[in-house]
Amino acid sequence: MIKACEAMVKCLEAENVKVVFGYPGAAICPFYDKLLDSGIRHILVRHEANGGHAANGYARITGRPAVCIATSGPGALNLLTAIATAYADSIPLICITGQVNSDQIGRDVFQEADITGAAEPFVKHSYLVKNADELPKIFKEAFYIAGTGRPGPVLIDVPMDIQNTLIDFEYPESVEIRSYKPTGKGNYAQIKRVMKALNEAKRPLICVGGGVFASNAQTEIKELSDIMQIPAITTMMGISAFSTDNPLFFGMLGMHGVKSANIAVKDCDVLFLIGARVGDRAVRTPLSVEESTTIIHIDIDPAEIGKNMNADLPLVGDAKLVLRQILDLAKPLEHKEWIEYLNSLKSEPVYEKTKDGTINPRKFISDLSDAMSDNTTVVADVGQNQIWTATSYKIRNGRFLTSGGMGTMGYAIPAAIGAKLADSGRPVVAICGDGSFQMSLMELATAVQHGVKLKIIVMTNRYLGMVREVQQNVYHNRYTAVSLDGSPDFITIASAYGIDSMRVTNEEEAKKAIEILSSSDESFFVECIVDEHTATI
Amino acid sequence: MKHTISVLVENHAGVLSRISGLFSRRGFNIDSLAVGVTDDPAVSRITIIVDGNEYTVEQVEKQLNKLIDVIKVKCLESDELLARELVLIKVSAPADRRAEIMTIAEITGASIIDISMTTITLQIADTNAHIHRLEEIIRPYGIIEEVRTGTIAIQKGAESITLKK
Ligand SMILES: Cc1ncc(C[n+]2csc(CCOP(=O)(O)OP(=O)(O)O)c2C)c(N)n1
């Protein structure tokens with residue numbers, strides 16, 4: 001017999017977990033004590049939400065559920081934003097929280113919070129462990145549920161006395177949950193109908209969403225687009241599923257998207273949505289798509305089909321498997337006229353000159369993407385910096401990560417730490433605004449402590465830029481609560497953490513910064529000074 | 001429009017709060033929700049009456065199916081189901097009114113389960129329409145208290161919603 005807390009560690013080992021992110025406290029101490037004896041690497045973050053975001057970045061790069069840990073009460077509550085952020089983007093997390101002793105639950109004792117209750121709207125599933133013997137089964141189920149179907153966070157709340165209970169440990173080999181059977185392949189008759197629609201289409205368009213990464217279907221989408229000559233666009237979550245070098249790629253759609261993508265959606269006759277829930281930021285109203293357009297929608301989550309946009313041809317299944325089925329039937333086609341038309345909508349970006357002492361952030365990001373290696377992971381925070389990155393960073397063979405669904409400021413630095421730990425061979429660039437950077441700059445310590453090499457770029461416009469822009473345009477220049485006056489000197493901050501840095505105020509400095517960012521393996525911090533009047537799009 | 005949805009769930013702690021939370025969170029309107037175990041003690045059955053259009057009902061079904069503890073969801077068509085509700089009504093009944101109320105009970109199929117110097121308590125298990133009729137007739141006597149279980153429903157004929165093959 002072993003203590004349940006040791007069994008918890010063994011469960012993680014059985015799931016081949018190498019790195020976990022967390023922050024301890026009394027209620028989770030039994031587990032931490034046993035973690036010390038295992039080979040699992042623990043990354044101490046400086047705030048629990050950032051532990052969740054780091055696990056988020058880690059999960060997105062490894063493609064497997066990632067683990068974050070917090071103590072009871074305030075620790076678990078701090079984790080909540082990260083749980084919701086992962087849920088909104090369908091990222092598989094295993095969130096382990098300590099809980100007060102089971103006989104004290106419900107008595108409002110010190111550091112008690114009903115975290116399974118509070119997290120219920122944002123988890124794929126949750127467990128409040130009442131019987132220590134069930135722990136191995138619960139862990140097995142949790143990893144299975146988090147990582148399969150439409151991925152998402154699963155919370156396991158473990159009271160302290162349960163962690164200390166002796167149990168017989170045996171990790172189950174398989175899972176059987178009668179009420180949970182995610183679909184794999186698509187319905188064959190429906191696939192034939194989809195094929196017919198695609199074959200008859202004059203102006204077909206593929207729209208790729210974030211679900212494609214969960215299914216790892218990037219190759220299949222490229223193949224389908226190649227063979228049938230179907231142009232493709234992405235949602236923000238789908239960015240980097242399609243190389244920006246691909247001549248059939250026409251950019252990101254939506255309120256912050258590019259013209260070619262938005263007109264393509266309006267003018268296509270068959271719209272093929274793959275793993276995209278088409279949220280309100282992508283297509284403001286279903287009316288942005290013509291009545292006559294045939295909509296094909298592949299999604300593993302039946303609830304997404306028809307939720308935001310009516311699908312004429314719904315296809316429930318795993319994108320990779322369904323696309324394989326479609327590819328088996330696909331024959332070469334051409335859509336020269338349509339592609340030519342879309343090409344005519346593409347325009348080379350123009351970068352307006354900015355006032356002295358500032359640079360154009362979009363040009364900087366575009367130049368940076370030309371210099372960085374093809375496999376770079378780019379993590380965008382939230383705000384104008386996010387849209388600048390989404391639309392200007394040319395991603396060829398790398399990944400683009402951002403908090404798309406929840407738009408959680410402060411996501412970039414911790415997620416970048418997770419992404420780097422998941423694959424140390426790839427450079428990782430985090431791009432933030434001066435507001436969002438200040439929501440997680442304490443994580444620079446985490447990066448330093450654990451030797452995580454990051455490229456960090458802060459676009460300083462001295463405002464909560466995106467909100468300021470709304471106040472300028474909608475509230476007639478009535479600026480309130482958006483000035484970031486009082487911010488510290490970020491270069492001094494970087495050097496306080498021992499990170500080399502430079503400030504960029506003109507083209508020449510921009511060149512030099514990009515040169516260092518793209519050639520050095522060390523962490524490097526760049527502050528770009530941006531005019532607050534620089535627009536989002 | 002009213003829709004009747006039958007849900008089979010694992011009889012786990014917290015299932016009911018997950019389901020009711022889902023309804024309030026997604027803005028679905030519930031008329032009633034009734035829950036109890038089935039012949040298999042590991043499984044509970046919930047009958048939910050939802051008010052909404054077809055889009056709503058489709059979303060309710062799909063979102064319910066996403067809950068891990070939900071084993072089966074079925075929306076029953078109004079012409080294929082038998083629906084009943086159990087109601088207890090305490091009605092004011094001074095001695096001179098007792099006989100009348102007893103006659104009404106007899107005609108409507110309600111049973112008298114309690115009596116005091118000033119009240120009679122009726123019990124009826126029937127369709128919504130029938131219960132409504134009884135209420136209307138009894139109301140002038142003075143309804144003191146009424147308790148309802150919420151509607152439960154089962155399919156007509158040999159069709160069934162169970163886990164058995
Ligand atoms: C946690 C959180 N709080 C508030 C917001 C609302 N919000 C969206 S964008 C934004 C401004 C971001 O400012 P900054 O990080 O400086 O980036 P910029 O827009 O200037 O590039 C705010 C406050 C949010 N998305 N997340």
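Residues numbered from 1 in each chain as written. Chains lettered and ligands numbered in written order. Predicted model: local features only at pLDDT ≥ 70, side-chain atom pairs only at ≥ 80, totals over all residues. Heavy atoms only, no water.

**Observations regarding the pairing of strand β5 (residues 93-99) of chain A**
Residue and element names in this part refer to chain A.
Stage number 1. Summarising burial for β5: seven of the seven residues are buried, a large majority.
Stage number 2. Residues L93, C95, T97 and Q99 line one face of β5 and the alternating positions I94, I96 and G98 line the opposite face, and both faces are buried.
Stage number 3. Bridge count for strand β4 (residues 66-70) against β5 is five bridges, and the pairing is parallel. Residue V67 lies in a different strand from β5, and its bridge partner there is I94.
Stage number 4. In the classification by handedness, the crossover that spans β4, the intervening helix α4 (residues 74-88) and the parallel β5 is right-handed.
Stage number 5. In this structure, β5 lies alongside strand β7 (residues 153-159), joined through seven bridges in parallel fashion. Its bridge partner being in β7, L93 is matched across the sheet by P153. (Buried < 20%, exposed > 50% of the residue type's maximum accessible area, 1.4 Å probe, protein only. Helix = DSSP H or I, 4+ residues; strand = E, 2+ residues; numbered from the N terminus. Pairing = 2+ DSSP bridges. Right-handed = clockwise from strand over helix to strand, strands pointing away.)

**Quick word on the site of the ligand**
All names here are of chain A.
Stage number 1. Near the ligand you find 17 residues, and of these Q384, G407, G435, S436 and G465 are the closest.
Stage number 2. Contact between the ligand and S436: an oxygen atom at 2.6 Å from a main-chain N or O atom of the residue.
Stage number 3. M466 has a polar backbone atom sitting 2.9 Å from an oxygen atom of the ligand.
Stage number 4. Starting from 590 Å² of accessible surface for the ligand in isolation, the protein chains cover 77%.
Stage number 5. At the level of secondary structure, the elements contributing two or more residues to the shell around the ligand comprise α15 (384-392), α17 (434-440) and α19 (465-473).
Stage number 6. The element contributing the most residues to the shell around the ligand is α17, with four residues.
Stage number 7. In terms of residue class, the shell around the ligand is built from seven nonpolar, nine polar and one charged. (Near = heavy atom within 4 Å. Polar contact = N/O pair within 3.5 Å; in protein donor to acceptor, adjacent residues only side chain to side chain. Areas by Shrake-Rupley, 256 points an atom, 1.4 Å probe, with all protein chains shown as cover. Nonpolar A, V, L, I, M, F, W, Y, C, P; charged D, E, K, R; others polar.)

**Focus: the packing of helix α14 (residues 361-371) of chain A against helix α21 (residues 507-519) of chain A**
Residues and elements named next belong to chain A.
Stage number 1. At their nearest, the axes of α14 and α21 sit 10 Å apart, and the two run at 35 degrees to each other. Relative to α21, α14 is oriented so that their crossing is right-handed. Along its contact with α14, which presents K363, F364, D367, L368 and A371, the element α21 presents E507, A510, A513, I514, L517 and S518.
Stage number 2. A breakdown of the residues in the contact of α14 with α21 according to their chemical character gives seven nonpolar, one polar and three charged. (Axes fitted to C-alpha atoms, helices over the stretch in contact; angles between N-to-C directions. Left-handed = near helix turned anticlockwise from the far one by under 90°. Contact = heavy atoms within 4.5 Å.)

**A closer look at the packing of aromatic side chains**
All names here are of chain A.
Stage number 1. Under the definition given, this model contains nine aromatic pairs over all chains.
Stage number 2. With 5.5 Å between their ring centres and 50 degrees between their planes, F437 and F525 make a pair best called tilted. Taken as a pair, F437 in helix α17 and F525 in strand β20 (residues 524-529) lie far apart in primary sequence, 88 residues in all. Of the two residues, F437 and F525, both sit in the buried class.
Stage number 3. Every member of this aromatic cluster is reached through a ring pair, and the members are F437, F490 and F525.
Stage number 4. Taking NZ or CZ as reference, R399 lies 3.9 Å from the ring centre of F213, over its face.
Stage number 5. The ring centre of Y463 lies 5.3 Å from the NZ or CZ of R468, which sits over that ring. (Phe/Tyr/Trp six-rings, centres within 6.5 Å; stacked < 30°, edge-to-face > 60°. Lys NZ or Arg CZ within 6 Å of the ring centre and 35° of its normal.)

**Here's the deal with unusual backbone geometry**
All names here are of chain A.
Stage number 1. Not every positive phi belongs to a glycine, and N16 is a case in point at roughly 65 degrees.
Stage number 2. Its location among the elements puts N16 in the loop between α1 (4-14) and β2 (19-22).
Stage number 3. Even without glycine at this site, H476 takes up a positive phi of about 50 degrees.
Stage number 4. Summarising the element assignment, H476 is placed in the loop between α19 and α20 (490-496).
Stage number 5. We classify H476 as exposed; its relative accessible area is 64%.

**Quick notes on the domain arrangement of chain B**
All names here are of chain B.
Stage number 1. Its domain assignment divides chain B into domain 1 (2-76) and domain 2 (82-152).
Stage number 2. One C-alpha centre belongs to domain 1, the other to domain 2, and the line joining them spans 29 Å.
Stage number 3. Each partner contributes residues to the interface: domain 1 has five residues there, and domain 2 has four residues.
Stage number 4. For the pair domain 1 and domain 2, the two sides together bury roughly 300 Å², of which 63% comes from carbon and sulfur.
Stage number 5. Among the residues domain 1 hides against domain 2, the three largest losses belong to S32, A34 and T47. Together they make up 78% of the total.
Stage number 6. Remark: the boundary between domain 1 and domain 2 carries one residue pair in polar contact (both at pLDDT 80 or more).
Stage number 7. Mapped onto the side of domain 1 that touches domain 2, the elements with two or more residues apiece are β2 (29-37) and β3 (43-51). (Domains from an automatic or database assignment. Buried area = accessible area lost by both parts, 1.4 Å probe.)

**A short note on the environment of A:R41**
Residue and element names in this part refer to chain A.
Stage number 1. One can find R41 in strand β3 (residues 41-44).
Stage number 2. By relative accessible area, R41 is classed as partly exposed at 37%.
Stage number 3. Taking the C-alpha atoms as reference, R41 lies 32 Å from Y393; in sequence the two are 352 residues apart.
Stage number 4. Excluding its chain neighbours within four sequence positions, the residues that come into contact with R41 are K18, V19, V20, L421 and H450.
Stage number 5. In this structure the side chain of R41 is engaged in a polar contact, spanning 3.0 Å, whose partner is the backbone oxygen of H450.

**Side note on the nonpolar core**
Residue and element names in this part refer to chain A.
Stage number 1. Counting residues in each nonpolar core, the largest one holds 51 residues, and the members touching the most others are F21, V379, L421, F437, L454, I456 and F525.
Stage number 2. The two domains that each donate at least three residues to this core are domain 1 (2-167) and domain 3 (361-529).
Stage number 3. Excluding its chain neighbours within four sequence positions, the residues that come into contact with F525 are F437, I456, V458, F490, I491, A494, I499, D500, S501 and M502. (Core = buried A, V, L, I, M, F, W, Y, C linked by side-chain atoms within 4.5 Å.)

**Looking at the interface of chain B and chain A**
Stage number 1. Across the boundary between the two partners, chain B contributes 20 residues, which contact 18 residues of chain A.
Stage number 2. Buried area between chain B and chain A, both sides added, is near 1,500 Å², and the carbon and sulfur share of it is 46%.
Stage number 3. By the criterion of area lost to chain A, the three top residues of chain B are B:R18, B:K66 and B:I68, representing 43% of everything that side buries.
Stage number 4. Scanning the region where chain B abuts chain A turns up three salt bridges.
Stage number 5. Note that B:E10 and A:R178 form a salt bridge whose closest N and O atoms lie 2.6 Å from each other.
Stage number 6. Those elements giving two or more residues to the side of chain B that touches chain A turn out to be α1 (15-25), α2 (54-66) and β4 (70-76) of chain B.
Stage number 7. At six residues, α2(B) tops the list of elements feeding residues into the side of chain B that touches chain A.
Stage number 8. Across the side of chain B that touches chain A, the residue classes tally to nine nonpolar, two polar and nine charged. (Salt bridge = Lys/Arg side-chain N within 4 Å of Asp/Glu carboxyl O.)

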